[in-house]
Amino acid sequence: MEINFIALLLAALVTLAVGFVWYNPKVFGTIWMRENNLTQEQLRTGNMLKIFGLTYIFSLMITMTLMSLTIHQSGAVGMVGGPPLLDAAKPSFAAFMADYGTAYRTFKHGALHGFMAGLFFAFPVIGINGLFERKSWKYIFVHAGFWIVTLTLMGGIVCGFA
């Protein structure tokens, strides 16, 4: 199973692209700023290179996790010890990969699993943090919605093209 690292690098950009639209003041940015007691002037004071650079690195980490969630063949590769041990795998592994090596490797399938990761993992994590931080439901839904959309798109790219 070959990995398309270019697809992973591009999938990591989804976080920045969706965030650019999602948190725009004409979309959900005004609500987000109000719920965080932030102004546009305050947001301009951050170190943008650091913020965007670390966001991209964290997004790369997410793409690696999405590989195991969206590409079912990753489990089979893991069962034989990972890529370094593929040549030593039993013949049944080669037969399995010949039959199912590209099964469910579509954008649509990855998007489904990315959506499920957003809904059943990101949303609860954001919800728990928001509740303990005494944040509003608007805050929780704005962030959860962002991650559900982002992980849906990232999952689709990772599964369909990586």
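Our subject is the structure that appears above.
Rules and cut-offs
- The numbers attached to residues start from 1 for each chain and follow its sequence in the written order.
- Only residues with pLDDT of at least 70 are given local features in this predicted model, and only at 80 or more are side-chain atom pairs given and counted; all residues enter the totals for whole chains, interfaces and linings.
- Hydrogens and water are ignored here; the side-chain numbers use all heavy atoms of the structure.
- Secondary structure elements are taken from DSSP: a helix is a run of H or I of four residues or more, a strand is a run of E of two residues or more, and numbering for both begins at the N terminus.
- The rule is simple: take the accessible area with a 1.4 Å probe, protein chains only, and divide by the maximum for that residue type; under 20% is buried, over 50% is exposed, in between is partly exposed.
- Whether two residues are in contact is decided by their heavy atoms, any of which lying within 4.5 Å being enough.
- The method behind every accessible area is Shrake-Rupley, applied with a 1.4 Å probe, and residues are considered shielded solely by the protein chains displayed.
- In this count, Lys and Arg are taken as positive residues and Asp and Glu as negative ones, while His and the chain termini are left out.
- Lys charges are placed at NZ, Arg charges at CZ, Asp charges at CG and Glu charges at CD.
- Only the contacting stretch of a helix is used when fitting its axis, a line to C-alpha atoms as for every element, and angles between N-to-C directions run 0 to 180 degrees.
- An angle below 35 degrees is treated as roughly parallel, one above 145 as roughly antiparallel, one from 65 to 115 as roughly perpendicular, and anything else as oblique.
- Here is the rule for handedness: rotate from the far helix to the near one, and if that takes an anticlockwise turn smaller than a right angle the crossing is left-handed, while a clockwise turn gives right-handed.
- Throughout, the ten residues Ala, Val, Leu, Ile, Met, Phe, Trp, Tyr, Cys and Pro are labelled nonpolar, Asp, Glu, Lys and Arg are labelled charged, and all others, Gly among them, are labelled polar.
- Among buried residues, those of type Ala, Val, Leu, Ile, Met, Phe, Trp, Tyr and Cys that are joined through side-chain atoms within 4.5 Å constitute a nonpolar core.
- What a helix should span is 1.5 Å times the count of its residues minus one.
- Here the bend at each residue means the angle between axes fitted to two seven-residue stretches, the one ending at that residue and the one beginning there.
- Two rings from Phe, Tyr or Trp (for Trp, the six-membered ring) form a pair when their centres sit within 6.5 Å of each other. Planes less than 30 degrees apart are called stacked, planes more than 60 degrees apart edge-to-face, and all others tilted.

## Section: the overall build of the chain
Here is step 1 of the chain: Of the regular secondary structure elements, the chain holds eight helices and zero strands.
Here is step 2 of the chain: Along its sequence from the N terminus, the chain presents helices and strands in the succession α-α-α-α-α-α-α-α.
Here is step 3 of the chain: Dimensions of the chain, computed from the C-alpha atoms along their principal axes, are close to 60 × 30 × 25 Å.
Here is step 4 of the chain: Per-residue burial for the chain yields a buried fraction of 36% across its 162 residues.
Here is step 5 of the chain: The long-range fraction of contacts in the chain, counting pairs at least 24 apart against all pairs at least 6 apart in sequence, stands at 79%.
Here is step 6 of the chain: Accessible surface, the chain: about 10,200 Å² in total, of which carbon and sulfur atoms supply 71%.
Here is step 7 of the chain: With 10 positive and 6 negative side-chain charges, the chain shows a spacing of 12 Å between the two charge centroids.

## A word on unusual backbone geometry
Here is step 1 of the chain: The backbone of Asn37 sits at a positive phi, close to 55°, despite the residue not being glycine.
Here is step 2 of the chain: On the secondary structure map, Asn37 appears in the loop between α2 (25-35) and α3 (40-43).
Here is step 3 of the chain: Phi at Tyr104 takes a positive value of approximately 60°, unusual for a residue other than glycine.
Here is step 4 of the chain: Mapped onto the elements, Tyr104 comes out in the loop between α6 (91-100) and α7 (107-132).
Here is step 5 of the chain: Overall, the relative accessible area of 56% leaves Tyr104 in the exposed class.

## Let's talk about the packing of α7 against helix α8 (residues 137-161)
Here is step 1 of the chain: Look at α7 against α8: their axes get within 6 Å of each other, and the N-to-C directions meet at 155°. Considering the angle they form, α7 stands roughly antiparallel to α8. The element α7 and its partner α8 pack so that their crossing is right-handed.
Here is step 2 of the chain: Tallied by class, the residues present in the contact of α7 with α8 amount to 20 nonpolar, 11 polar and no charged.

## A short note on the nonpolar core
Here is step 1 of the chain: Formed by 20 residues in total, the largest nonpolar core has its most connected members in Leu151 and Val158.
Here is step 2 of the chain: Within the residue set of this core, elements represented by two or more residues are α1 (5-22), α2, α4 (48-70), α7 and α8.
Here is step 3 of the chain: Ignoring any residue separated from it by four or fewer positions in sequence, one finds Leu151 in contact with Ile62, Leu66, Gly114, Phe115, Ala117, Gly118 and Ala122.

## Regarding α7
Here is step 1 of the chain: Compared with the 38 Å implied by 1.5 Å per residue over 26 residues, the 36 Å span of α7 between its first and last C-alpha is a close match.
Here is step 2 of the chain: Gly118 marks the point of greatest bend in α7, at about 30°.
Here is step 3 of the chain: Of all the positions in α7, only His109, Gly110, Ala111, His113, Gly114, Ala117, Gly118, Ala122, Ile126, Gly127 and Gly130 are classed as buried.
Here is step 4 of the chain: Just beyond α7, the residue with positive phi is Arg134, at close to 60°.

## Some points on the packing of aromatic side chains
Any aromatic ring pair is given by two values, namely how distant the centres are and how the planes are angled relative to each other.
Here is step 1 of the chain: Taken as a whole and assessed by the stated rule, the structure comprises seven aromatic pairs.
Here is step 2 of the chain: Residues Trp22 and Phe28 carry aromatic rings whose centres are separated by 4.6 Å and whose planes lie at 40° to one another, so their mutual orientation is tilted.
Here is step 3 of the chain: A residue is classified by how much of its surface remains accessible, and Trp22, at 15% relative accessible area, is buried.
Here is step 4 of the chain: Ring geometry for Phe96 against Tyr100: centres 5.2 Å apart, planes inclined by 40°, an arrangement best described as tilted.

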